[in-house]
Structure formats: C-alpha cells, structure tokens
Amino acid sequence: MKLYRFLTGPDDSGFCHKVTAALNKGWELHGSPSLTYDPVLGKTYCGQAVVKEVEGKDYDPSIKLGEQ
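These remarks concern the structure in this document. All values reported here derive from a predicted model rather than from experimental measurement.

1. Some thoughts on the state of the cysteines
Applying the stated criterion across every chain, the model contains zero disulfides. With no disulfide of its own, Cys16 lies 6.8 Å from the sulfur of Cys46, the closest cysteine sulfur.

2. Side note on the nonpolar core
Core analysis: the biggest nonpolar cluster contains ten residues, these being Met1, Leu3, Leu7, Phe15, Val19, Ala22, Trp27, Cys46, Val50 and Val54. Contributing elements (two or more residues each) for this core: strand E1 (2-10), helix H1 (13-24) and strand E3 (43-53). Looking at this core, the element that brings in the most residues is H1, giving three residues.

3. Let's talk about the environment of Tyr37
Along the polypeptide, Tyr37 turns up in strand E2 (residues 28-38). Each C-alpha atom of the pair Tyr37 and Asp11 lies 9.6 Å from the other, and the pair is 26 residues apart in sequence. Residues contacting Tyr37, with those up to four places away along its chain left out, are Gly42, Lys43 and Thr44.

4. Topic: the sheet that holds E2
Strand order in the open sheet formed by three strands is E1-E3-E2, with antiparallel pairing between adjacent strands. Every interior strand has two partners, whereas the edge strands, E1 and E2, have only one. Going from strand to strand, the sheet's axes swing by 15° on average, the running direction of each strand aside. Sitting on the sheet, H1 is in contact with E1, E2 and E3, with an inclination near 160° to E1.

5. Overview of the environment of Leu23
Along the polypeptide, Leu23 turns up in helix H1. On the basis of relative accessible area, Leu23 is assigned to the partly exposed category, the value being 38%. With residues up to four places along the chain from it excluded, the contact list for Leu23 reads Glu28 and Leu29.

6. Overview of H1
The terminal C-alpha atoms of H1, which comprises twelve residues, lie 16 Å apart, in line with the 16 Å expected from a rise of 1.5 Å per residue. For H1, the full list of buried residues reads Phe15, Val19 and Ala22. One side of H1 carries all its buried residues, which in axial view fall inside an arc of 60°. In H1, the exposed positions angled more than 90 degrees off the buried face are occupied by Ser13, His17 and Asn24.

Cut-offs used in this document
Residues numbered from 1 in each chain as written. Predicted model: local features only at pLDDT ≥ 70, side-chain atom pairs only at ≥ 80, totals over all residues. Heavy atoms only, no water. Disulfide = S-S within 2.5 Å. Core = buried A, V, L, I, M, F, W, Y, C linked by side-chain atoms within 4.5 Å. Buried < 20%, exposed > 50% of the residue type's maximum accessible area, 1.4 Å probe, protein only. Helix = DSSP H or I, 4+ residues; strand = E, 2+ residues; numbered from the N terminus. Contact = heavy atoms within 4.5 Å. Pairing = 2+ DSSP bridges. Axes fitted to C-alpha atoms, helices over the stretch in contact; angles between N-to-C directions. Expected span 1.5 Å × (residues − 1). Arc of directions from axis to C-beta.

Right, here's the structure in full:
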C-alpha cells in the first residue's frame, strides 16, 4: 500500500525536525514544500507532502500514518 501524509507547522526548526523524523522512518518527499504567511499572527507556516510504500498491508482508514 502507498501512504500519503501532509506535514505542516510553523516555519521553525520544529518543522524541519518533523520532516527529518519522517525521512528517517522511510517516508520520501513528494513534491515541493509550500509556505504561507498569516498576516494576522505575523507567522509563516510550512507544508511538505511525504509518501511511503508499505508492503504486505492493506489500507485501512483507522491506521495511524505517523506510526507506519
């Protein structure tokens, strides 16, 4: 089965650590990262899609993607 996640968070080192952790668990980057700015809060937010192929399992909506 092929899994997809979209990681999001503030543009800070915590977001980079989130993506790095996913990469080290076998996820792969999918497409380009995205950025958006919230003028009310004065903050920039990041997003990055990641995908992972998991053999021998069938998709079930109840699975926790981050634990795969």
